[in-house]
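What follows is the residue order along each chain.
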Amino acid sequence: MIEFEPGQLQEGDALVIVDVQKDFLPGGSLAVSEGDAVVPVLNRYIGEFHQRGLPVYATRDWHPPDHCSFREQGGIWPPHCIAGTEGAEYAPGLRLPATAVTISKATTPEKDAYSGFDDTDLAARLHAVGVKRVFVGGLATDYCVLNTVRDALNEGFGVMLLRDAVRAVDVQPGDGDRAEREMESLGARPVKLGAR
Ligand code: VGL
Ligand code: ZN
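Source: prediction; values computed, not measured. (Residues numbered from 1 in each chain as written. Chains lettered and ligands numbered in written order. Predicted model: local features only at pLDDT ≥ 70, side-chain atom pairs only at ≥ 80, totals over all residues.)

Chemist: Any chance you could break down the pairing of strand S5 (residues 133-139) for me, citing the residues and the numbers?
Modeler: Across the seven residues that make up S5, a large majority, six, are buried. With six bridges joining them, strand S2 (residues 13-18) and S5 adopt parallel strand pairing. Each bridged residue has a counterpart across the sheet, and for Leu15 the counterpart in S5 is Phe135. Of the strand pairs in this sheet, S5 and strand S6 (residues 158-167) are connected by six bridges, and their pairing is parallel. Paired with Val134 across the strands is Val159, a residue of S6. In the classification by handedness, the crossover that spans S5, the intervening helix H3 (residues 141-154) and the parallel S6 is right-handed. (Buried ≥ 20, exposed ≤ 12 C-beta atoms within 10 Å, placed from the backbone. Helix = DSSP H or I, 4+ residues; strand = E, 2+ residues; numbered from the N terminus. Pairing = 2+ DSSP bridges. Right-handed = clockwise from strand over helix to strand, strands pointing away.)

Chemist: Which residues make up the sheet that holds strand S4 (residues 101-105), and what values do they have?
Modeler: In spatial order, the strands read S1-S7-S6-S5-S2-S3-S4; together these seven strands make up an open sheet with parallel pairing. A single partner strand is all that each edge strand has here, and the edge strands are strand S1 (2-4) and S4. Averaged over all pairs of adjacent strands, the angle between their axes in this sheet comes to 30°, without regard to strand direction. Taken together, the four bridges between S2 and strand S3 (residues 56-61) define a ladder with parallel strand orientation. The residue bridging Val16 from the neighbouring strand is Tyr57, located in S3. Its contacts with the sheet place helix H1 (residues 38-51) against S2, S3, S5, S6 and strand S7 (189-193), and it is angled at close to 145° to S6. (Axes fitted to C-alpha atoms, helices over the stretch in contact; angles between N-to-C directions. Contact = placed C-beta atoms within 7 Å.)

Chemist: Any chance you could break down helix H4 (residues 175-186) for me, citing the residues and the numbers?
Modeler: When the terminal C-alpha atoms of H4 are compared, their 16 Å separation across 12 residues agrees well with the 16 Å that a helix rising 1.5 Å per residue should span. Against H3, S6 and S7 lie the buried residues of H4. Remark: Gly187 follows H4 within two positions and exhibits a positive phi of approximately 125°. (Expected span 1.5 Å × (residues − 1).)

Chemist: Let's hear about the site of ligand 1: which residues, and what values?
Modeler: In the neighbourhood of ligand 1, the contacting residues comprise Asp19, Asp61, Ser69, Trp77, Leu139, Ala140, Tyr143, Cys144 and Val169. Broken down by class, the residue content of the shell around ligand 1 amounts to six nonpolar, one polar and two charged. (Near = placed C-beta within 6 Å. Nonpolar A, V, L, I, M, F, W, Y, C, P; charged D, E, K, R; others polar.)

Chemist: I'd like a rundown of the environment of Pro65, residues and numbers included.
Modeler: Following the sequence through the fold, Pro65 ends up in the loop between S3 and S4. Each C-alpha atom, one on Pro65 and one on Thr85, is 9.9 Å from the other, the two residues being 20 residues apart in sequence.

Chemist: For the nonpolar core, give the residues involved together with the corresponding values.
Modeler: In this structure, Val134 and Val136 are the most contacted members of the largest nonpolar core, which totals 51 residues. Only S2, H1, S3, helix H2 (122-128), S5, H3, S6 and H4 provide two or more residues apiece to this core. (Core = buried A, V, L, I, M, F, W, Y, C linked by C-beta atoms within 7 Å.)

Chemist: Before we move on, can you summarise H1 with the specific residues and values?
Modeler: In this model H1 runs 20 Å from its N-terminal to its C-terminal C-alpha over 14 residues, within 8% of the 20 Å that 1.5 Å per residue would give. Within H1, the full set of buried residues consists of Val38, Leu42, Tyr45, Ile46, Glu48 and Phe49. The buried residues of H1 occupy one face: seen down the axis, they fall within an arc of 165°. Exposed and facing more than 90 degrees away from the buried side of H1 are Pro40 and Gln51. The secondary structure elements touched by the buried residues of H1 are S2, S3, S5, S6 and S7. Gly53 sits one or two positions beyond H1 and adopts a positive phi of about 75°. (Arc of directions from axis to C-beta.)

This is the structure we're talking about:
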């Protein structure tokens with residue numbers, strides 16, 4: 001993993017925070033083990049980006065109540081992140097700046113979507129403001145982070161994976177580790193922000 005100094009952040013960099021929502025935290029309906037541990041780490045990243053005038057994006061899983069990914073409807077997940085419910089709120093303590101852009105995703109009942117780029121305007125928004133490189137962290141490593149990173153690379157962005165700011169669902173043990181290796185093999189660089 002590469003230690004990345006905050007001073008190396010530059011114009012064209014953006015922070016993309018994936019699905020840091022209550023339902024993915026311990027106690028939530030689709031809890032990610034240690035999911036809450038990403039919050040203070042991301043707050044530090046948010047501060048470094050915001051302070052430099054670099055844009056911050058936050059995706060959120062924003063499902064209709066009858067989303068196809070829910071077990072009751074034959075899907076594989078317990079109902080989670082239903083639009084407008086408490087479980088879909090951002091993690092308490094996540095200090096998103098007022099200028100952060102929210103990207104709601106997976107809003108179509110009959111279509112599953114893990115990536116923040118899937119049927120959203122995230123790519124267009126990033127390109128429109130000259131973003132070249134995205135720093136990605138959040139939940140969960142093996143689903144929405146993985147798919148968001150894959151699409152970011154396909155869209156031509158450089159991708160830095162914030163290794164200390166992700167956690168995995170690990171439906172099968174090792175899923176998170178495998179996802180990290182896959183992201184690296186596709187071209188994402190695993191980094192963490194060093195001390196200033
Ligand atoms: C996610 C499972 C179901 C995620 C979303 O944000 O990684 N995982 N829906
Ligand atoms: Zn979901």
